[in-house]
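Fold and contact review
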Amino acid sequence: MLLKYKKSPNQRKYKSMAEERIGYLLLLPALVLYGIFVLYPVVDSVVLSFYKWDGAGPRIFVSLANYIQAFKDRVVWISFRNNVIYTAGIIAFGVFPGLILATLLAGKIVGRTVFEAIFFFPRLLTQVIVAIVWSWIFNPVFGLLNQVLRTVGLGFLAKGWLGEPRFALPAVIVAGAWTYFGFCMVIFLAALQNTDPTLYDAARIDGANAVQIFINVTLPQIKYVVAMVIVYTVIDSFKVFDLVYLLTQGGPGHATQIMATYIYRKSFAEYFFGYGASIAVLLTCFILAISVLYLRYQERGM
Amino acid sequence: MPVKGRRKRVFSVGQVIVYLFLIGAAMYTLIPLIIVGLTASKSNPEVLKGPLTLPSEFILFRNLKEAWTIGHFGMYIKNSIIITVPTVLIVMFLATFAGYSFAKLRFKTKDFLFYLILTGLMLPFQAVMISLYFLLNRFHLINTHWSVIIAIASGGLPFGIFMMRSFFMSLPTELIEAARIDGCSEIQALWYVMLPLAFPAWVSLIIFQSMWTWNNFIVPFLFIHDNSLRPVPLGLMFYQSEYYTNYSLIAAGVLISILPLVILFVILQRRFIEGITMGALKG
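Residues numbered from 1 in each chain as written. Chains lettered and ligands numbered in written order. Predicted model: local features only at pLDDT ≥ 70, side-chain atom pairs only at ≥ 80, totals over all residues.

1. Considering the overall build of chain A
This is how the line gets drawn: The secondary structure listing takes helices from DSSP runs of H or I that are at least 4 residues long and strands from runs of E that are at least 2 residues long, numbered from the N terminus. Using C-alpha atoms as the atom set, the radius of gyration is obtained and then compared with a globule rule of 2.2 Å times the number of residues to the power 0.38. Whether a residue is buried, exposed or partly exposed follows from its count of other C-beta atoms within 10 Å of its own C-beta, namely 20 or more, 12 or fewer, or something in between, respectively; the C-beta atoms are built from the backbone.
The helix and strand tally for chain A stands at 14 helices and two strands. Over its C-alpha trace chain A gives a radius of gyration of 26 Å, far above what one expects of a compact globule, namely 19 Å for 302 residues. Expressed as lengths along the three principal axes of its C-alpha atoms, the size of chain A is roughly 95 × 75 × 30 Å. Of all 302 residues assigned to chain A, the portion counted as buried reaches 43%.

Shown next, in the form of structure tokens:
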């Protein structure tokens, strides 16, 4: 016992103080940058949301007026509704196909890496390219979609998809889902590779068909990953700006107006910076609330 | 040795359906890109005949050359590099230091500071956008590359820190203990023992942060006004609106901006997919 090496209390204290100093020193550069250019702007945005400001003149304190206005603003609700529809669309046309493709690819498939690479590729493109390409596909004159419709004898359905209030949002969703399903597929495929293969054999011996196996054997094993991806999709779909702005700028009318494009429009196009900030704060609160949910699933799913 | 040729596998009906489905999905993914390729290969009047008709005269290289000259793509690519390289370096180094500190060192306010940074993972850009614009304006940084570098780098820090922290936590602390016993200071232990091991984590971080920076649209869209400073996505957007009806030249421009990416992706496919899915999910 006596032989056991023991640091004197002084030595230990010195060591932990040195460790503490270095701990802070290593954090300092990151904290400074993060504090000035992320935390300060967040706080300042919250403050700004209680003021009326055109970006140049003095800030005028208006208390809760911006928030009251936001709740009465028809377009805020339209934007929120469109975000919800967009999210549902991306889940239906992005997450769900991603899950199906992952299930198919998890079997013995020749050329799996090639398929994987192809499905994933759109995710690498800047949204500017995605917008250009899909605006061509939806183009009323030479667009592929109209051409296909005419070829199969449904020419009467042909239209300028992005210009029609009823079809603009679904068209945007199709373009958004195109960049998203391959990304979901990769995540699901990784999750499926961790599942228990003997369960599938057992189910097959019991005479289950492919759909039954998928619902009763596959899904329960990856349900946390599925939940995680869905919550992630909700967050991602409420943050979306680039694609919608580039395809339609929120139009026609407000048919594709979403929270992010409306915030941009109110602040940087119409100079109601205080009002824009208040909608941004509402959006941020909503996203933070869902993010907490996301972290819960992430803990269990990964 | 596996027994060969015992059972000749004929594709079952189920498998045929699976392959048809996969090939169909691959076609759906590729058709928009095929349209770009075809459009860039024909003359503009031909574009209006239909997106999937083959060009009567293959003029891809003429279009590429013309797009390159009138579209200033050399300049945009240069700007993108000027923005991306410092951004990635800043995130990489600061995130490595901070991640190491969070993972391996003990100090009082660690948990609080970590949660503070974790919050940044969830913030949408809209939460900072307006105030950040006026803050950078006060520093006279608006309409400079630095505005974009600072905005994207500080926004990317939370994810970078989170990732490097997880990585360092997966390394055994005994390595540091051993280095300390050998007489290394904390900094030396980090520099000589931990950093060389951090290479695989860096590759993922570099890929994720480069893609994120290179493709970012909204930050340069808000902060840069001069054409001569625009990075590729922004340049492409203005190029597109300028030559709105010259589809073959726009397609050629799109091809120019995709090409470097395709080459990198083919070489580093696995790393790309890992880096980006991991990055997005944690971020």
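2. So, the overall build of chain B
What counts, and what does not: Any pair of residues counts as being in contact when their C-beta atoms, constructed from backbone geometry, are within 7 Å of one another.
Of regular secondary structure, chain B possesses 14 helices and zero strands. Its C-alpha atoms give chain B a radius of gyration of 24 Å, more than 25% over the compact-globule value 19 Å for 283 residues. A principal-axis box enclosing the C-alpha atoms of chain B has dimensions of 75 × 75 × 30 Å. Of the contacts made within chain B by residues no fewer than 6 positions apart, 75% connect residues no fewer than 24 positions apart.

3. Focus on the packing of helix H5 (residues 110-122) of chain B against helix H7 (residues 145-170) of chain B
Each pair of packed helices can be summarised by the angle the axes make with each other and by the distance between the axes. Residue and element names in this part refer to chain B. To keep it simple, the criterion reads: Where helices are involved, their axes are fitted lines through C-alpha atoms of the stretch in contact, as for all axes, and angles between N-to-C directions lie from 0 to 180°. Orientation is classified from the angle alone, with under 35 degrees giving roughly parallel, over 145 giving roughly antiparallel, 65 to 115 giving roughly perpendicular, and any other angle giving oblique. Handedness of a helix crossing follows the sense of rotation of the near helix relative to the far helix, less than a right angle counterclockwise being left-handed and clockwise being right-handed.
As a packed pair, H5 and H7 sit with axes 8 Å apart at the nearest point and diverge in direction by 120 degrees. The angle between H5 and H7 places the two elements in the oblique class. Pair H5 / H7 crosses with left-handed handedness. Between H5 and H7, the residues in contact are Ile 117, Leu 118, Gly 120 and Leu 121 and Pro 158, Phe 159, Ile 161 and Phe 162, respectively.

4. Things to note about the interface of chain A and chain B
Here is the rule we go by: Note on residue classes: Ala, Val, Leu, Ile, Met, Phe, Trp, Tyr, Cys and Pro are nonpolar, Asp, Glu, Lys and Arg are charged, and everything else, Gly too, is polar.
Across the contact, 69 residues belong to chain A and 69 residues belong to chain B. Considering every element that reaches the side of chain A that touches chain B, the biggest residue donor is helix H1 (residues 9-48) of chain A, with 21 residues. Taken together, the residues that form the side of chain A that touches chain B break down as 52 nonpolar, 11 polar and six charged.

5. Points about the domain arrangement of chain B
Residue and element names in this part refer to chain B. Put simply, the rule is: By convention here, the domain bounds are inherited from an automatic or database domain assignment.
Taken as a whole, chain B is organised into domain 1 (13-58) and domain 2 (69-282). For domain 1 versus domain 2, the separation of C-alpha centres amounts to 34 Å. Across the boundary between the two partners, domain 1 contributes eight residues, which contact seven residues of domain 2. When residues of the side of domain 1 that touches domain 2 are traced back to their parent elements, those giving at least two are helix H1 (13-41) and helix H2 (44-47). Looking at the side of domain 1 that touches domain 2, the element that brings in the most residues is H1, giving four residues. For the side of domain 1 that touches domain 2, the residue count by class is three nonpolar, four polar and one charged.

6. Overview of H1 of chain B
Residues and elements named next belong to chain B. Rules: Multiplying one less than the number of residues by 1.5 Å gives the expected span of a helix. To get the bend at a residue, fit one axis to the 7 residues ending there and another to the 7 starting there, then take the angle between the axes.
Compared with the 42 Å implied by 1.5 Å per residue over 29 residues, the 39 Å span of H1 between its first and last C-alpha is a close match. Taking the largest bend as the criterion, H1 deviates by roughly 40 degrees, centred on Leu 30, and proline Pro 32 comes between one and four positions later. For H1, the full list of buried residues reads Leu 22, Ala 25, Pro 32, Ile 35, Val 36, Leu 38, Thr 39, Ala 40 and Ser 41.

7. Digging into the nonpolar core
A general tendency of soluble globular proteins is for nonpolar side chains to be buried together. This is how it is decided: The term nonpolar core refers to a group of buried residues, namely Ala, Val, Leu, Ile, Met, Phe, Trp, Tyr and Cys, whose C-beta atoms join them within 7 Å.
Counting residues in hydrophobic clusters, the biggest one holds 172 residues, and the most contacted among them are Ala 30, Cys 184, Phe 188 and Ile 279 of chain A together with Ala 95 of chain B. Among the elements that make up this core, the one with the highest residue count is H7 of chain B (14 residues). Each of two domains, domain 1 (13-58) and domain 2 (69-282) of chain B, supplies a minimum of three residues to this core. Discounting residues that sit within four places of it in the chain, Cys 184 of chain A has contacts with Gly 94, Val 95, Gly 98, Leu 99 and Val 229 of chain A.

8. Here's the deal with the environment of Val 141 of chain A
Here Val 141 of chain A lies in the loop between helix H5 (127-137) and helix H6 (144-151). Residues Val 141 of chain A and Met 228 of chain A, spaced 87 residues apart in sequence, show a C-alpha to C-alpha distance of 41 Å.

9. Digging into unusual backbone geometry
For residues that are not glycine, phi is negative in most cases, and the peptide bond is trans in most cases. Residue and element names in this part refer to chain A. For the bond running from Gly 251 to Pro 252, omega is -5 degrees, close enough to zero to count as cis. Locating Pro 252 in the fold gives a position in the loop between helix H12 (242-248) and helix H13 (259-269). Unlike most non-glycine residues, Tyr 271 shows phi in positive territory, near 65 degrees. Structurally, Tyr 271 is set in the loop between H13 and helix H14 (273-301).

10. A word on the environment of Leu 190 of chain B
All names here are of chain B. Positionally, Leu 190 belongs in helix H9 (residues 186-194). Residue Leu 190 is classed as buried on the basis of its C-beta count, with 23 C-beta atoms lying within 10 Å. Each C-alpha atom of the pair Leu 190 and Phe 97 lies 8.7 Å from the other, and the pair is 93 residues apart in sequence. Those residues in contact with Leu 190 that lie beyond four places of it in its chain are Tyr 100 and Leu 195.

11. A short note on the confidence of the model for chain A
Keep this limit in mind: Per-residue confidence from the predictor is given as pLDDT, running between 0 and 100.
Mean pLDDT for chain A: 88, with 94% of residues reaching 70 or above. Per-residue pLDDT stays below 50 along residues 1-9 of chain A; that stretch engages in one contact with residues further than four places along the chain or on separate chains.

12. Quick word on the confidence of the model for chain B
All names here are of chain B. Per-chain confidence: chain B averages 87 in pLDDT, with 94% of residues scoring 70 or above. For chain B, per-element mean pLDDT is lowest for helix H14 (residues 269-282), which scores 72, and highest for helix H11 (residues 218-223), which scores 96. Every residue in residues 1-6 is under pLDDT 50, and counting partners more than four places away or in other chains gives zero contacts.

13. A few points about the environment of Pro 158 of chain B
Residue and element names in this part refer to chain B. Along the chain, Pro 158 turns up in helix H7. Note on Pro 158: 24 C-beta atoms within 10 Å, which makes it buried. C-alpha separation for the pair Pro 158 and Leu 118, spaced 40 residues apart in sequence, amounts to 6.2 Å. Residues in contact with Pro 158, not counting those within four places in the same chain, are Ile 117, Leu 118, Gly 120 and Leu 121.

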